[in-house]
Amino acid sequence: MILVTGATGNIGAELVRTLSERGEQVRALVRDQAKAAFAPGVEAVTGDLNRPETLTDALDGVHGLFLLPGYNDLSDLLERAKKAGVHRVALLSSGSAALQDMDNAVSRYMTLSEQAVRASELSWTFLRPRSFMSNALRWLPQLAVGDVVRVQFPGVRVGAIDPADIAAVAAAALVEGELDGQVLELTGPQALRPADQIAVLAAVLDRPLVAHELSDEETEAELAATMPREYVDAFLSFFVDGTLDEATLHPTVEQVTGRPPRTFEQWANAHAAAFAPKAH
Ligand SMILES: NC(=O)c1ccc[n+]([C@@H]2O[C@H](COP(=O)([O-])OP(=O)(O)OC[C@H]3O[C@@H](n4cnc5c(N)ncnc54)[C@H](OP(=O)(O)O)[C@@H]3O)[C@@H](O)[C@H]2O)c1
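Residues numbered from 1 in each chain as written. Predicted model: local features only at pLDDT ≥ 70, side-chain atom pairs only at ≥ 80, totals over all residues. Heavy atoms only, no water.

### Description of the pairing of strand β2 (residues 26–30)
Logical step 1: Most of β2 is tucked away: 5 of the 5 residues are buried.
Logical step 2: Here strand β1 (residues 2–4) runs beside β2; their pairing, made up of 3 bridges, is parallel. Note on β2: the bridge partner recorded for Leu 3 is Arg 27.
Logical step 3: Considered for its hand, the β-α-β crossover made up of β1, helix α1 (residues 10–21) and β2 is right-handed. (Buried < 20%, exposed > 50% of the residue type's maximum accessible area, 1.4 Å probe, protein only. Helix = DSSP H or I, 4+ residues; strand = E, 2+ residues; numbered from the N terminus. Pairing = 2+ DSSP bridges. Right-handed = clockwise from strand over helix to strand, strands pointing away.)

### Description of the site of the ligand
Logical step 1: For the ligand, the set of nearby residues contains 24 residues, the closest of which are Thr 8, Asn 10, Arg 31, Asp 48 and Tyr 109.
Logical step 2: Between Thr 8 and the ligand, the recorded distance is 2.5 Å, taken from a side-chain N or O atom to an oxygen atom.
Logical step 3: One of the backbone nitrogen or oxygen atoms of Leu 49 is found 2.8 Å away from a nitrogen atom of the ligand.
Logical step 4: Contact with the protein chains covers 77% of the free accessible surface of the ligand, which is 920 Å².
Logical step 5: Within the residue set of the shell around the ligand, elements represented by two or more residues are α1 and α4 (105–119).
Logical step 6: Per-class residue counts for the shell around the ligand are 11 nonpolar, 9 polar and 4 charged. (Near = heavy atom within 4 Å. Polar contact = N/O pair within 3.5 Å; in protein donor to acceptor, adjacent residues only side chain to side chain. Areas by Shrake-Rupley, 256 points an atom, 1.4 Å probe, with all protein chains shown as cover. Nonpolar A, V, L, I, M, F, W, Y, C, P; charged D, E, K, R; others polar.)

The quantities given are spatial measurements derived from coordinates; they are silent on function.
Here you go:
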């Protein structure tokens, strides 16, 4: 049995599907049963990662665990997992874990999560994806009302990755076990600027989309309106100060899965229905 946390999220939902298609026994962790819409045969179970004591049922009989980073007491959770018989963990981390920058809120929680898993003495694989292609869904509200899209950090190239490719690598790690002890840097096949992604979306959606490139000050103000200050500072550090390189591409997805990672165009075509038609 493999337990997938974050099963309603971008990566978890793809992983539940991938494992289920591979014929694996899958259990999906949800906080709200009403959100549990999975393929037949997938067992949904409730629990809260911030409260490890709620995971007893979820962990029962599990040998492989897909784990999201950053929750309150991962050490307690991992101790419970070990006692329940979990053998292997695939941890969703990010490239910022490599920085081990404890003054950066994002790098800090990724670093602490990796440290907790290493200390657990379970077998582990760390998945360090760069930004997800699904982050483009944050433009949906703008796309619903017009063709101009305000883009943050316009000069930054990112080797964004399709969540389905992260899930494919996670499935290989959890099922095959040949990736134990590996730290996997995961990217897509191209390093694109936000305006390049908008150009791809314009072609896929057949709309005259225009990227309106925000200054660093405008980007900071937008971020500050949507997240706590320490995360604003973290992203400014990554993409204005340039502490995080997300542009360098890595061959890992193809090495693990035997096929190239999906392009942003492929992701956009697969998710075109999610982009609501323009309101008139
Ligand atoms: N976006 C990026 O570019 C990027 C890049 C690298 C790493 N990451 C990391 O990737 C992680 C997940 O990304 P994602 O896009 O899959 O996220 P997502 O789509 O927002 O999904 C988050 C998932 O976590 C679940 N969840 C939230 N709080 C929980 C809790 N207390 N207990 C149990 N489940 C909880 C949510 O379930 P509900 O349905 O109950 O809300 C949801 O299934 C994040 O931790 C992020 O740090 C993101």
